[in-house]
Amino acid sequence: VQAFAQRIVWSGGYAIERTLVDLRERRRAEAALRESEERYRLLFRHAPVGVFQYDTRYRITDCNDRFVTILQSSRERLIGLDLMQLQDSSLTPTLNAALQGQEALYEGLYRATTSSAEIWGSVRTAPLRNKQGRVIGAVGIVEDLTERKRAEDALRESEERFSVFMKHLPAAAFIKDESGRALYVNPYLPRIFALQDLQSQLTSELLPDTIALLMTS
């Protein structure tokens, strides 16, 4: 409880007016706010993705350690960086959108300004607003997709090599499942037996018995 006292004129004389204010609700609200801010700070610092904040002048005001790691840079070089002076302008539309009050997403290759890093990543931005709803900055969330992109590219290249090899192989080749249904046949096999649409068919239904026995064994 907080007490206030002041001297007032009362019935031709002076009196002391005292006011008591119950601060319990305000204290509870302040404590809840502090806890919320602490949870945000912990999440911001230890998030498994990169997080950065920038103001309406496009200058980075804060970032977490993961953001620094992704960009292979340092906190000192990143804090205060003017995002309008980036060497790679791919992010510019996404950065602009957040300061205009919209959420945005960029996914693709990005070449860093403060290091030699080249990253395939995902960047999501969203506006930060004050109590009046006015945009006062923005937050960006960065996910490094470089390893996933490399794995996808390697798989695609492997599948392309397999397809070219099987297409030009001068022999019959096939892949079947446990039930004996053809999952893949190369072009040479249908030409030998003058068959069409071997895929998904049982080999025992399509081929001569002696050959089907070899293929199902």
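The paragraphs below set out a description of the structure included in this document. (Residues numbered from 1 in each chain as written. Predicted model: local features only at pLDDT ≥ 70, side-chain atom pairs only at ≥ 80, totals over all residues. Heavy atoms only, no water.)

What follows deals with the sheet that holds strand E3 (residues 50-55). If you walk across this open sheet you meet the five strands as E4-E3-E7-E6-E5, and the pairing is antiparallel. What marks the edges here is a single partner per strand, and that holds for strand E4 (60-63) and strand E5 (104-111). Here the strands of the sheet are splayed against their neighbours by 25 degrees on average, with no regard to which way each runs. Pairing of strand E6 (residues 118-129) with strand E7 (residues 135-144) involves nine bridges; the strand directions are antiparallel. Its bridge partner lying in E7, Ala 126 is registered against Val 139. (Pairing = 2+ DSSP bridges. Helix = DSSP H or I, 4+ residues; strand = E, 2+ residues; numbered from the N terminus. Axes fitted to C-alpha atoms, helices over the stretch in contact; angles between N-to-C directions.)

What follows covers empty space enclosed by the protein. Here the idea is plain: a probe the size of a water molecule rolls over the atoms and shows the empty space left. Enumeration over the complete set of coordinates arrives at one cavity of 30 Å³ or more. Put simply, the largest cavity is a space of about 230 Å³. When residues of the lining of the largest cavity are traced back to their parent elements, those giving at least two are helix H2 (65-70), E5 and E6. The greatest single-element share of the lining of the largest cavity, amounting to five residues, is contributed by E6. Class assignment for the residues of the lining of the largest cavity results in 17 nonpolar, five polar and no charged. (1 Å grid on protein atoms, 1.4 Å probe; cavity = no way out; pocket = protein on both sides within 12 Å on 5 of 7 lines; lining within 4 Å. Points joined across faces, edges and corners; volume = space filled by probe spheres on them. Nonpolar A, V, L, I, M, F, W, Y, C, P; charged D, E, K, R; others polar.)

Moving on, we come to helix H4 (residues 92-99). An α-helical segment advances 3.6 residues per turn. Residues three or four places apart therefore align on the same side. Within H4 the residues assigned to the buried category are Thr 94, Leu 95, Ala 97, Ala 98 and Leu 99. At the exit of H4 stands Gly 101, carrying a positive phi of roughly 90 degrees. (Buried < 20%, exposed > 50% of the residue type's maximum accessible area, 1.4 Å probe, protein only.)

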